[in-house]
Amino acid sequence: MSKTSKLFQSILILAAVSMLLAACGQPAATPQATSAGTQATAPVATNPPAPVTTDTPAPLSGGVLTIGIGSEPNTLDPGAAVYVQEQFVLISLFDSLLSVAPDASLHPGLALSWQPNTDYTEFTFKLRQDVKFHDGTPFNAAAVKASFDHIVSPDVLESGGKTLLDDHKYLETAVIDDYDVTVKFGASYPTFLSDAGRQWLSISSPTALALYGKDYGRHPVGTGPFKFVKWDAQSQIVLERNPDYNWAPEYASHQGPAYLDQVVFRILPEAATRLTAFQSNELQVVSDPPALDTISMSDSGQAVVATFPNPGIPAIMMINTDKEPTNDINVRKAMILAVNQDELAKTVFKSLGMPAYSVLSPTTWSYDEQAASLYHYNLDQANQLLDQAGWVLNSNGIRVKNGKTLTIDYITSPVWEESFNELLAGYLAKAGFDVKMRSMDDAGIASEAAAGNYSMLYMYWTRADPSPLNILFLSSNINGGSAYTRFKNDQLDQVLTDGNTQTNMDLREQDYVTAQRIIMENALVLPLFTVNNVYMMTASIKNFTFDLEGYPWVYDIWMTK
C-alpha cells in the first residue's frame, strides 16, 4: 500500500469513527453565557477530520492561491446567500458575531461576550471596539442592527439567513450603546448562538449596504481577513489580503493578517476542465475533482487530497407526494429499495464516498439509527411492492397501470448531478420505472419546483444541526418554500416546530428523532450518499483546514515557494 493510499484509508477510518461518535454521543449542552477567552458548547455534536498538515518550516507570507470551483455564486451578500459555493467565498470576506471552532465550541468573534435570557428569545452582545470594515466604516452596534434588518428586509427575497431569522420571529436588534446590542426574537431560538457564527448571519458594512442597495451582492464589504477586489462573471472572483486584520478567532493557528496576498476563485463548471487546469499549474486547489483521477494522482504523489464528510442533510432525492405516481407510498418505498446506495457511492466516488440511508447524515447531532435501518437495497421487495400496487411489467420492461406508464419526472442539474443521475435512473429502470430526465439550470429547477412539476428532485443541506429538516419538511413551507415532498402531517409539523424552539436538549433530540422516523416511514426521500467535500491540492499548500461544516478556512493557509 502506498503512502497516499494509507492517507486515504486513514481519512476514511477517521470519517467512520467521527460518524460513530456523532451517532452515539450525547446531545451537547445548551449554550451558556460566556466572556472573552472562555468557551461555550453549541447544541451540536460532530467530529470533523483533522486538518491535513505535515511537518513544515515556519509559515511564509505572500503568494496567490488560485482555487477551481464548479459553480458560480449567485451573490456575495451574506444576508441573501443560500448556496455552498457562496459560503466558500464569504468565509474569507466576512466575520460573524461569534466564531465556531471545528469542535463546535463557541468563541469570541466580533462580539467579545454574550448573554442569552432564560428562554432564549433575547441575546445581548458586547462588541469589539477595534474593528473596521474594508471600506473604513467602524464596526459597532449600528452595523449589527443594519445587517440583521437587511436580512429580513424586502430587498432579500429568500436566503439561509432570512429563513433562520423569520422562523424564530425576529423582532429587532436593539442598540444599547455603540458597543452593546441585544437581538430579540418572538420565539425561543436555542441555536442562535451557534447560528450567529455562520456566514449567513455575518456582519456587513452599513455604509456599503446603503450605497449599493440591491447591487450589494456584487460589491460585498465585510471585516474578514480578505477584501473583495472584483468579480468577472462566469470567470473569476478575486480577493486580496486585509492588512489591518487583527481579530482572528483564538483557535486559529496564527493572529494578524492572512498569509496569502491574493485568493482567486476560478469558475470552471466542468470537473475535467478543473483537472486540466490543475495539471497545467493554473490552479493550486481543485474542489470536487474527478474521483478516479484524484485517487490516481494522490497515489502517484502528484497531489494531496483532503476530504470532509458533511453534517446535515445528505444527498437525497425529495419525492413529490402530491403527484401521480409518487403519491402512492408503495411506489415511493419501491424507489428507495430499488437503489443500491452502497454500489452507487463506490461507483461514482470510489473510496471518496459513503452511502446514505436516511434523511440526516450520520455526523449530525440527533441522527437516528432506527430511521436509517428501514430501507436497504432489495430489488425483489421493490418489485413486490409495485406488483401489490397494481403496476404490471410490459414487454418493454416498463410497468403500466390502467393504461398509464410508471413514469418518474426527474428534473436534474448537470452541474450537481452529472456524476450519478444516469446511474440512479438505471437502478429505477430495473424495477420497471420509466425515468424521464429533464436537464436544466438552477433557475429552471427552482421554477419547476415551485410549481410542483416533478416526481423527484435533488437536495442536500450542510449544517451541523438537524434544523434544516424544518425548512424542507414543514407543511407551511410547501407553497413558496422548500418543502418539495409536499407532504402534510400534523405530527411531523408539531415535532419540527417544537424542535426549532425547544431549549431542553433531550426533548429537542427526541423531536428530531421522531421527525426522521416519520419522514423515512412515509418514504418521503430517497437517500443516496453522504456529501463529502473533496479538495485536491499541490504539495505547496500548507495548513489546509476545514471549519465545522466543511468549508476550507483560507485565512490560515500558506504556500511554500
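Predicted model only: the values in this text are computed from it and were never measured. (Residues numbered from 1 in each chain as written. Predicted model: local features only at pLDDT ≥ 70, side-chain atom pairs only at ≥ 80, totals over all residues. Heavy atoms only, no water.)

Considerations on the overall build of the protein chain
For step 1, the next point in the chain: Helix and strand counts for the protein chain come out as 18 helices and 25 strands.
For step 2, the next point in the chain: The C-alpha atoms of the protein chain give a radius of gyration of 23 Å, which matches the 24 Å a tight globule of 561 residues would have.
For step 3, the next point in the chain: For the protein chain, the residues scored as buried account for 60% of the 561 residues in total.
For step 4, the next point in the chain: At a minimum sequence separation of 6, the contacts of the protein chain that also span at least 24 residues come to 72%.
For step 5, the next point in the chain: When the accessible area of the protein chain is evaluated, it comes to approximately 21,300 Å², of which 49% is carbon and sulfur surface. (Helix = DSSP H or I, 4+ residues; strand = E, 2+ residues; numbered from the N terminus. Rg over C-alpha atoms; globule rule 2.2 N^0.38 Å. Buried < 20%, exposed > 50% of the residue type's maximum accessible area, 1.4 Å probe, protein only. Contact = heavy atoms within 4.5 Å. Areas by Shrake-Rupley, 256 points an atom, 1.4 Å probe, with all protein chains shown as cover.)

Quick notes on helix H8 (residues 291–299)
For step 1, the next point in the chain: Burial in H8 covers these residues: Ala291, Thr294, Ile295, Met297 and Ser298.
For step 2, the next point in the chain: Looking one or two places after H8, you find Gly301, whose phi comes out positive at around 80°.

Considerations on the packing of aromatic side chains
For step 1, the next point in the chain: On inspection of all chains with the given rule, the structure shows 26 aromatic pairs.
For step 2, the next point in the chain: Relative to Phe546, the ring of Phe308 lies with its centre 5.2 Å away and its plane at 50°, an arrangement referred to as tilted. Placement of Phe308 in strand E13 (residues 304–309) and of Phe546 in the loop between strand E24 (541–542) and strand E25 (558–559) is noted, with a sequence separation of 238 residues between them.
For step 3, the next point in the chain: Both rings, one in Phe420 and one in Tyr458, keep their centres 5.3 Å apart while their planes meet at 55°; by these two values the pair is tilted. Highlighted residues: Phe420 in the loop between helix H13 (414–417) and helix H14 (421–430) and Tyr458 in strand E21 (residues 456–462), separated in sequence by 38 residues.
For step 4, the next point in the chain: Residue classification places Phe420 among the buried residues on the basis of a relative accessible area of 1%.
For step 5, the next point in the chain: Using a relative accessible area of 15% as the deciding quantity, one classes Tyr458 as buried.
For step 6, the next point in the chain: The structure contains a cluster of three or more aromatic residues connected by ring pairs, namely Tyr120, Phe123, Phe125, Phe148, Tyr170, Phe185, Tyr189 and Phe192.
For step 7, the next point in the chain: One residue, Arg198, lies across the ring of Trp200, its end atom 4.5 Å from the ring centre.
For step 8, the next point in the chain: If you follow Arg218 out to its NZ or CZ, it ends over the ring of Trp231, 3.6 Å from the centre. (Phe/Tyr/Trp six-rings, centres within 6.5 Å; stacked < 30°, edge-to-face > 60°. Lys NZ or Arg CZ within 6 Å of the ring centre and 35° of its normal.)

A short note on the pattern of salt bridges
Side-chain pairs of opposite charge can arise whenever the charged atoms involved come near each other.
For step 1, the next point in the chain: Within this structure, the stated rule accounts for 20 salt bridges.
For step 2, the next point in the chain: Taking the shortest distance from any N to any O, the salt bridge between Asp180 and Lys126 comes out at 2.9 Å. Within this pair, whereas Asp180 is found in strand E8 (residues 180–185), its partner Lys126 is found in strand E6 (residues 122–127), the two being separated by 54 residues in sequence.
For step 3, the next point in the chain: A residue is classified by how much of its surface remains accessible, and Asp180, at 14% relative accessible area, is buried.
For step 4, the next point in the chain: Each of Lys323, Asp409, Arg438 and Glu448 takes part in a single network of salt bridges with overlapping partners. (Salt bridge = Lys/Arg side-chain N within 4 Å of Asp/Glu carboxyl O.)

Regarding the environment of Leu492
For step 1, the next point in the chain: Mapped onto the secondary structure, Leu492 falls in helix H17 (residues 490–501).
For step 2, the next point in the chain: By relative accessible area, which is 1% here, Leu492 ends up buried.
For step 3, the next point in the chain: For the pair Leu492 and Met520, spaced 28 residues apart in sequence, the C-alpha to C-alpha distance is 11 Å.
For step 4, the next point in the chain: Setting aside residues up to four positions removed in sequence, Leu492 forms contacts with Phe473, Phe487, Ala515, Ile518, Ile519 and Leu524.

Some details on the nonpolar core
For step 1, the next point in the chain: The biggest cluster of nonpolar side chains holds 149 residues, and the ones touching the most others in it are Phe125, Phe148, Phe192, Phe433, Phe473, Leu492 and Leu528.
For step 2, the next point in the chain: Those residues in contact with Phe473, other than ones at most four positions away along the chain, are Met318, Val359, Ala483, Thr485, Phe487, Leu492, Asp493, Leu496, Ile519, Leu524 and Val525.
For step 3, the next point in the chain: Among the nonpolar cores identified, the runner-up in size contains 9 residues, and Leu268, Phe278, Val286 and Ala303 belong to it. (Core = buried A, V, L, I, M, F, W, Y, C linked by side-chain atoms within 4.5 Å.)

Describing the sheet that holds strand E17 (residues 399–401)
For step 1, the next point in the chain: Strand order in the open sheet made by the 3 strands is E16-E17-E18, with antiparallel pairing throughout. Each edge of the open sheet carries a strand with a single partner, namely strand E16 (392–393) and strand E18 (404–405).
For step 2, the next point in the chain: Where E17 lies against E18, 2 bridges are found, and the strand directions are antiparallel. Following the sheet pairing, Val400 is matched in E18 by Thr405. (Pairing = 2+ DSSP bridges.)

Quick word on the sheet that holds E8
For step 1, the next point in the chain: Pairing in this open sheet of 4 strands is antiparallel, and the strands run E5-E6-E8-E7 from one edge to the other. Pairing within the sheet leaves two strands with one partner each, and these edge strands are strand E5 (111–116) and strand E7 (170–177). The mean inter-strand angle of the sheet, taken between neighbouring strand axes irrespective of direction, is 20°.
For step 2, the next point in the chain: Bridge analysis of E5 against E6 gives 5 bridges, and the strand direction is antiparallel. Across the sheet, Trp114 pairs through a bridge with Phe125, a residue of E6.
For step 3, the next point in the chain: Of the strands in this sheet, E6, E7 and E8 are in contact with helix H3 (residues 141–151), which crosses E7 at around 170°. (Axes fitted to C-alpha atoms, helices over the stretch in contact; angles between N-to-C directions.)

Description of helix H4 (residues 160–167)
In an α-helix there are 3.6 residues to a turn, and that puts residues three or four apart on one side.
For step 1, the next point in the chain: Every buried residue of H4 is listed here: Gly160, Gly161, Lys162, Leu164 and Leu165.
For step 2, the next point in the chain: As for H4, its buried residues are in contact with H3, E7, E8 and helix H5 (192–195).
For step 3, the next point in the chain: Where H4 begins, the capping side chain belongs to Ser159, and its oxygen is found 3.5 Å from the backbone nitrogen of Gly161.
For step 4, the next point in the chain: Count one or two residues on from H4 and you reach Lys169, which has phi positive near 55°. (Polar contact = N/O pair within 3.5 Å; in protein donor to acceptor, adjacent residues only side chain to side chain.)

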